[in-house]
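The lines below spell out each chain.
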Amino acid sequence: MKLLSYLKKSNIIAYAAIIVCVFAAISPVIYSNNYIRQDDLMWEIWPWMKPSDFGYLYYNTVFQLVRPICMLSFYLTDLLSIGIQGAVYVRFFSLVVLIILAIMLFRWQLYFNKNKLLATTFAICTFTLPAYQVFAATANYELILTSLVMTLFSGFLWYKANLTLNYKAWKSGLILGCLLFFASMLNYPLSSMFIWAMLVITYLNSIDQKTYFREHKLSFIAKTTCLTIALMVFYYLSSRAVHLLFHVRLDGSRVAVINTEHLLSRLNWLAEVLGWHSYFWRWNNTPPLYQTPFVFLLPIFTLAIFVTHFKNGYQSTLKAITKTLASLGILLTFFFLSYSPILATSEYIITYRYSLVTMPILLYLTLWSISVLLTPSCTNKSISNLFGFLRVSLYSIFILSGVYYANLRLADNIVGPHDNEFTYVQQQLNKNVIPLIQKNKKVLIHAIACDPNNTGLEGDATTSFEYGMNICQYQQQVIGVIIHSLYKDGIPSNFNDHNNVIYGENEITVKDTPWGTLLVNGPSNTKIDGKAYRAQGYEIVTLDTRNIPVYRKYSLYRKVMNRLSLS
């Protein structure tokens, strides 16, 4: 019977819409089998290295941040992506996980609201938001998505446990849910905060007194809130125990310790994030809060909440207003709790990653408000049809906007530019470096990193931390592209031990590779001691990444079409 409820016709249509739309939106991540910059790309990796050989990253991730599952994910995704071609399979896996997450979120909504159009729209639109575009584009960010699966699954288990009267089923659901949630924190704590978005859905659909099992749902919200906070505290206590047990250094790096010294300033600063996230797919963090779409969204969902409370039968307008303000207070609490890992520690740098919960919260508030305000209580058929048409039209606009912007921004802000940069570097290596290596010459690749403020993108392309993340964002990224480009052509840059990597004030040198030395300068000082290197028998090849051609809009699409026409 359960299987039949999952597979009934209306559900199959919703599943098909979710699969097609999410795939269409995120598909640019599989258009290219070239390098796409990863946040922690291991340019020192060699096949079958152990996680402990990752050096600083291993120490920081496992011992300072206490995220051992995260480190395992780094290891596996980097190992799979070592030949670059393999990264496309990791990104395809991320795309599949996004579709699974969207279906899970669709099912979660139906527990509390049978409106399948609302559930389908929110499921699609959530996983086309900027954060999820970035997660799918970079191979090792799949850890955030797999962590989200754990979080959503734990929410399902807790809800089922709260429904059952069977003690054994309640106990097993509760324990397994806690283990999954804790595992999510050991992987990526911010992903576990999606529980607050799930509770927003539950809460908004429980404020109507006509809703069945309203008291049960409110009880579930209260229990889950307490349980989540308790597990977060337990995570930080466990982290502290790891720090003490292994004598972990807690200075000069990100660490999993509670630090509320600047909590008030962080709370004030997070208020601005409401405005940033209200742009949805067009993200903008420059205008002040009062100039952002949040100014228009706030009265919309405030009115929707008021209408819902008023329909509950409160004859007093004042009482309905009081209930509305209380509901807004609860929702605001959920918003700030979704940032609790940042509020609890000294780390509070907001990038796209940190919008993975708060953008969906604002999005659901908006879509739910449309449903409430465009569902008239009158029985007039013409008015009902008109409002129904407006609902469907607005939801369709949201879906089409999500698919369009996600696909375009991935193609022209991440995948296309990276493909363009990688292609240029590989062409230079094929022309000037590989022929020398094939002649057994000792080569010095002198790479010059470009100005990180020069995005290499045409027009007004997004240039925030994760979008517009070209290879010059760090000098290490230039190293990563060169080493992976050579490896793609069968030329390894590593022995079975760490290379001798030397960090200078303006340069990074990778010595003792099988073919020679790689030296990367920053753009502020591009000079090297050429005489000294030639005296050691080096052939010097300069690779200036400032000469990478500007990526033109829609170039990726044209490249894909050319590839299809040739095939």
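Residues numbered from 1 in each chain as written. Predicted model: local features only at pLDDT ≥ 70, side-chain atom pairs only at ≥ 80, totals over all residues. Heavy atoms only, no water.

1. What about the overall build of the protein chain?
Right, on to step 1. A tally of regular secondary structure across the protein chain gives 21 helices and 5 strands.
Right, on to step 2. Across the protein chain, the fraction of contacts at a sequence separation of at least 24, relative to all contacts at a separation of at least 6, is 74%.
Right, on to step 3. Approximately 25200 Å² of the protein chain is accessible, and the part contributed by carbon and sulfur atoms is 63%. (Helix = DSSP H or I, 4+ residues; strand = E, 2+ residues; numbered from the N terminus. Contact = heavy atoms within 4.5 Å. Areas by Shrake-Rupley, 256 points an atom, 1.4 Å probe, with all protein chains shown as cover.)

2. Here we look at the sheet that holds strand 2 (residues 500–503)
Right, on to step 1. Strand order across the open sheet formed by 5 strands is 2-3-4-1-5, with mixed pairing between neighbours. Pairing within the sheet leaves two strands with one partner each, and these edge strands are strand 2 and strand 5 (538–544). When the angles between neighbouring strand axes are averaged without regard to direction, this sheet yields 15°.
Right, on to step 2. By the bridge criterion, 6 bridges tie strand 1 (residues 442–448) to strand 4 (residues 516–521) in an arrangement that is parallel. (Pairing = 2+ DSSP bridges. Axes fitted to C-alpha atoms, helices over the stretch in contact; angles between N-to-C directions.)

3. Regarding the packing of helix 14 (residues 294–311) against helix 17 (residues 358–373)
Pairs of packed helices are described in terms of their axes, by the angle between the two and the distance that separates them.
Right, on to step 1. At a minimum axis separation of 9 Å, helix 14 and helix 17 run at an interaxial angle of 50°. Considering their axes alone, helix 14 and helix 17 lie oblique with respect to each other. Crossing handedness for the pair helix 14 and helix 17: left-handed. Where helix 14 approaches helix 17, its residues F294, L297, I300, F301, L303, A304, I305, V307, T308 and K311 are matched on the opposing element by L362, L365, T366, W368, S369, V372 and L373.
Right, on to step 2. Of the residues contributing to the contact of helix 14 with helix 17, the split by class is 13 nonpolar, 3 polar and 1 charged. (Parallel < 35°, antiparallel > 145°, perpendicular 65-115°, else oblique. Left-handed = near helix turned anticlockwise from the far one by under 90°. Nonpolar A, V, L, I, M, F, W, Y, C, P; charged D, E, K, R; others polar.)

4. Side note on helix 11 (residues 195–204)
Right, on to step 1. The element helix 11 is extensively covered by neighbouring structure, given that 10 of its 10 residues are classed as buried.
Right, on to step 2. Within the span of helix 11, buried status applies to I195, W196, A197, M198, L199, V200, I201, T202, Y203 and L204. (Buried < 20%, exposed > 50% of the residue type's maximum accessible area, 1.4 Å probe, protein only.)

5. With respect to the side chain of Q109
Right, on to step 1. By secondary structure assignment, the location of Q109 is in helix 5 (residues 87–110).
Right, on to step 2. Apart from the residues within four sequence positions on either side, Q109 is in contact with L118, A119, F122, A123, I201 and Y364.

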